[in-house]
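Chain and residue survey
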Amino acid sequence: MEITRLDAAAHENNGLTVVSGQAGVGKSALAVWWAHRMKDRFPDGQLYTDLRGYHTLPPQPPEEALHSFLLALNSPMDDLRGHLDAMSARFRSLLHGRRVLIVADNARNAEQVVPLLPGTPECCVVVTSRSDLNSLAATHGAGQVPLRPLPQRDAVELFSRVSGQTKTQQVATLISQCGRLPLTVRIVAQQSQGPEDIAALIEDLTDPDERLAVLTSADEETGMRLVLSWSYNGLTPEKAHAFRLLALHAGPDFSHASAAALLGVRTGTALRLLRALKSDNLLDEVSDRRFRFHDLIRDYARERVLAEEPEAVRDAAIRRELRFYLRCCDSVDRVLAPQRRHVPLDEDDGLPQPLPVFGFDDHTSALAWCDAEMVSLAAAVDQAMQRRMHDMAWKIPIALIYYFVVRHHHAYRHDLSAIALRAARLSHNTWAEIWAEICLGGATGEVGRHTEAATHFTNALNLSRRTGDRHWETIARYNLAWTLRVAGRYEEAYVQQQEALRQHTGEGNQRSQAISLNELATISLILGRPQRALEHLMAALPLCREAEDLLTEAAVLHQLGAASSRLEDRTAAMDWYGQAVAVRRRADDRPGLAESLVELGRLRIESNLDVAREALGEALKIMELLQDPRTEEVRSLLSSLL
């Protein structure tokens with residue numbers, strides 16, 4: 001594709017094209033190869049200069065490049081030396097009417113290039129740079145040919161050609177580890193004399209701290225650390241500082257807002273710096289206002305931040321980003337479960353202002369933010385533990401619990417709850433420890449580890465009794481009752497849940513009352529008491545609506561459908577299931593939505609076949625996406641209706 005775009009540049013873009021990309025991606029090799037390929041199209045010659053924009057030597061001034069060009073064109077220089085405008089004018093005059101290809105390699109900025117432009121459509125100029133040189137596009141209509149790392153197949157082919165080694169899965173693994181850059185592929189190819197060398201390189205490249213050292217030629221004249229240093233040394237102090245601190249981000253990519261927190265600047269300033277680093281091909285913009293490092297560039301940035309930033313500066317940057325994440329997670333929690341107890345926040349968290357509004361308009365926007373940030377959030381919690389920022393390591397997971405529930409993220413829920421419990425204990429915060437025990441109990445119980453869940457809930461109950469905290473004692477009792485129910489001990493569970501309801505009522509906690517009433521209804525249905533279940537549910541419905549708890553409201557509505565169906569009131573059951581569908585859409589609860597659609601579809605088969613097919617069809621799509629184990633059952637039911 002790049003060759004096609006360069007071919008087009010010979011006819012378009014005012015004969016000017018910029019080939020840009022990160023260090024080691026093969027810009028110079030492509031430009032020189034293409035120039036040789038196009039020698040017949042430019043019969044009057046080719047001119048080449050290395051502008052040394054990224055080099056140990058100072059960048060080449062345009063006067064020096066023009067001097068060499070004019071000498072190559074047999075032009076006298078005595079009257080022009082040191083006069084840039086005059087040299088540039090003579091250069092353009094000499095090229096008038098000629099068909100010449102000019103390769104300006106390794107440009108630092110547009111100022112190096114503009115005096116070298118011939119100003120005649122018969123000529124063509126190809127500029128290579130680690131910067132996008134966007135100003136050339138704006139002022140001179142330059143075309144852009146951005147280079148990316150090689151496709152895996154091409155990188156393996158290059159490795160095999162240089163090393164003489166057979167293409168194997170081991171080779172493919174090695175290529176992936178070295179970033180698929182032509183430079184690094186050639187370096188590891190030259191170090192690979194056989195399978196043993198390849199295996200050793202794979203092991204060495206597994207360690208991010210060693211990767212740049214491994215990706216260096218035997219004579220140390222070339223290597224990723226060296227070529228990246230040329231890019232880094234040319235950054236302004238502001239950009240270099242940002243480049244270093246961004247390496248402290250724990251996840252694979254980051255938003256401009258989290259970068260602003262990390263850098264301690266306003267979001268507008270952060271976005272400007274991120275876009276500038278992107279223009280220098282030191283960052284990629286993976287989506288609108290979301291960025292990432294190439295792995296090897298990130299390795300280099302980590303080296304620089306450890307070498308150049310004091311530990312206190314690094315810790316302050318990490319803590320700013322963790323506080324930003326905590327504020328956002330807390331806002332998500334307040335949307336998903338407004339009346340739930342929320343983690344405490346620092347009133348003065350030291351974050352730069354203004355950052356984006358931390359509130360979210362609805363469930364959809366709150367869940368979408370978490371979906372985009374989840375991998376980075378998990379990495380940030382690990383980072384908080386490593387940096388001994390234990391308050392952040394327990395608060396962020398607990399603030400995310402209801403997100404995990406909605407999205408059925410069982411693994412995240414368990415792993416981060418376990419970290420929260422360790423962090424709470426290391427903080428010597430009994431209140432946080434109780435909360436984390438309950439969260440971890442819920443996570444283990446959700447995946448069927450009921451004995452383990454009961455242990456965590458019992459620990460929470462004992463701790464809350466020891467501290468005299470009635471709120472947590474009640475929550476722990478409710479969860480123990482839930483564990484008894486899922487373990488099949490229904491009568492015991494009913495008694496324990498009644499006691500929990502009594503305590504919730506005494507506290508005036510509407511949301512918790514609704515949850516306990518819904519649990520009592522679930523047990524009643526299991527025990528064959530649908531009328532009692534209906535009574536519990538009708539008492540729960542206004543409470544969860546008053547608490548603005550959409551998840552509990554949807555669960556209650558769904559259970560009302562089940563109770564009405566058991567009481568053979570099909571009309572009421574369809575209405576309740578329909579309401580559950582509507583609320584679960586608002587909450588963006590996809591697993592729950594599928595469940596309610598299935599039950600609604602079953603009931604509609606006899607009264608309205610088209611509506612039944614529509615409901616079951618939508619449920620099937622959701623279940624296929626979520627890989628729900630009941631997918632085949634719903635598919636068979638839907639097929640029987642066609």
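None of these values were measured; they are calculated from a predicted model.

1. Examining the environment of Glu618
- By secondary structure assignment, the location of Glu618 is in helix 31 (residues 609-626).
- Overall, the relative accessible area of 24% leaves Glu618 in the partly exposed class.
- Along the primary structure Glu618 and Ala247 are separated by 371 residues, whereas in three dimensions their C-alpha atoms are 43 Å apart.
- What Glu618 contacts, discounting residues up to four positions off in sequence, is Arg585, Leu593 and Leu597.

2. As for the packing of aromatic side chains
- Scanning all chains against the criterion turns up 16 aromatic pairs.
- Seen from their ring centres, Phe324 and Tyr325 are 5.7 Å apart, and the 45 degrees between their planes marks the pair as tilted. As far as the burial class goes, Phe324 and Tyr325 line up, both buried.
- Members of the aromatic cluster, joined through ring pairs, are Tyr232, Phe243, Phe254, Phe293 and Tyr300.

3. Overview of the pattern of salt bridges
- All told, the structure shown has 41 salt bridges when counted by the stated rule.
- Linking Arg529 and Glu491 is a salt bridge whose minimum nitrogen-to-oxygen distance equals 3.0 Å. Of this pair, Arg529 sits in the loop between helix 26 (510-526) and helix 27 (530-546) while Glu491 sits in helix 25 (residues 490-507), placing them 38 residues apart in sequence.
- Here Arg529 falls in the partly exposed class, since its relative accessible area comes to 27%.
- Where salt bridges share partners, they join Arg244, Arg304, Glu308 and Glu309 into one cluster.

4. Things to note about the state of the cysteines
- Counted under the stated rule, the structure contains zero disulfides.
- Between Cys123, a cysteine without a disulfide, and Cys124, which holds the nearest cysteine sulfur, the sulfur-to-sulfur distance is 8.7 Å.
- Given a relative accessible area of 2%, Cys123 falls into the buried group.
- Looking at Cys328, it has no disulfide partner, and the nearest cysteine sulfur is the one in Cys329, 6.9 Å off.
- Overall, the relative accessible area of 4% leaves Cys328 in the buried class.

5. Some details on the packing of helix 13 (residues 237-246) against helix 16 (residues 295-308)
- Close contact between helix 13 and helix 16 brings their axes to 7 Å; oriented N to C, the two are set at 105 degrees. Judged on the interaxial angle alone, helix 16 and helix 13 are roughly perpendicular. Contacts between helix 13 and helix 16 pair Phe243, Arg244 and Leu245 from the former with Ile297, Tyr300, Ala301, Arg304, Val305 and Glu308 from the latter.
- Of the residues in the contact of helix 13 with helix 16, the class split is six nonpolar, no polar and three charged.

6. Quick word on empty space enclosed by the protein
- Taken as a whole and assessed by the stated rule, the structure comprises two cavities of 30 Å³ or more.
- Taken together, Leu246, His249, Gly251, Pro252, Asp253, Phe254, Arg292, Phe293 and Arg298 make up the lining of the second largest cavity.
- Tallied by class, residues from the lining of the second largest cavity come to four nonpolar, two polar and three charged.

7. Observations concerning the sheet that holds strand 3 (residues 101-105)
- With respect to topology, five strands assemble into an open sheet ordered 2-3-4-1-5, the strand pairing being parallel. Each end of this open sheet is capped by a strand with a single partner; those strands are strand 2 (46-50) and strand 5 (143-146). Strand-to-strand twist in this sheet, taken as the mean axis angle between neighbours without regard to direction, amounts to 15 degrees.
- Judged from the four bridges that link them, strand 3 and strand 4 (residues 124-129) form a sheet pairing that is parallel. Each bridged residue has a counterpart across the sheet, and for Val103 the counterpart in strand 4 is Val126.
- Packed onto the sheet, helix 2 (residues 27-37) meets strand 1 (16-20), strand 2, strand 3 and strand 4 and runs at close to 160 degrees relative to strand 4.

8. Remarks on the nonpolar core
- Counting 184 residues, the largest nonpolar core has Phe159, Phe243, Leu246, Trp369, Trp394 and Leu400 as the members making the most contacts within it.
- Residues Leu80, Met87, Leu95 and Ala107 belong to the second largest nonpolar core, which totals 27 residues.

9. Observations concerning the layout of surface pockets
- Taken as a whole, the largest pocket encloses approximately 1700 Å³ of empty space.
- As for the largest pocket, its lining consists of 50 residues, of which Val405, Arg413, Glu446, Tyr478 and Trp482 are closest to the centre.
- Counting residues per element, the ones that place at least two in the lining of the largest pocket are helix 20 (401-407), helix 21 (410-426), helix 22 (430-446), helix 24 (470-486), helix 26, helix 28 (550-566) and helix 30 (590-604).
- Here the lining of the largest pocket gets eight residues from one element, more than from any other, and that element is helix 24.

10. What about the side chain of Asn106?
- Looking at the element boundaries, Asn106 is found in the loop between strand 3 and helix 5 (110-113).
- A residue is classified by how much of its surface remains accessible, and Asn106, at 14% relative accessible area, is buried.
- The contacts of Asn106, once residues within four sequence positions are left out, are Asp50, Leu51, Arg52, Gly53, Tyr54 and Thr128.

Cut-offs applied
Residues numbered from 1 in each chain as written. Predicted model: local features only at pLDDT ≥ 70, side-chain atom pairs only at ≥ 80, totals over all residues. Heavy atoms only, no water. Helix = DSSP H or I, 4+ residues; strand = E, 2+ residues; numbered from the N terminus. Buried < 20%, exposed > 50% of the residue type's maximum accessible area, 1.4 Å probe, protein only. Contact = heavy atoms within 4.5 Å. Phe/Tyr/Trp six-rings, centres within 6.5 Å; stacked < 30°, edge-to-face > 60°. Salt bridge = Lys/Arg side-chain N within 4 Å of Asp/Glu carboxyl O. Disulfide = S-S within 2.5 Å. Axes fitted to C-alpha atoms, helices over the stretch in contact; angles between N-to-C directions. Parallel < 35°, antiparallel > 145°, perpendicular 65-115°, else oblique. Nonpolar A, V, L, I, M, F, W, Y, C, P; charged D, E, K, R; others polar. 1 Å grid on protein atoms, 1.4 Å probe; cavity = no way out; pocket = protein on both sides within 12 Å on 5 of 7 lines; lining within 4 Å. Points joined across faces, edges and corners; volume = space filled by probe spheres on them. Pairing = 2+ DSSP bridges. Core = buried A, V, L, I, M, F, W, Y, C linked by side-chain atoms within 4.5 Å.

Honestly, it's all geometry; don't read function into it.
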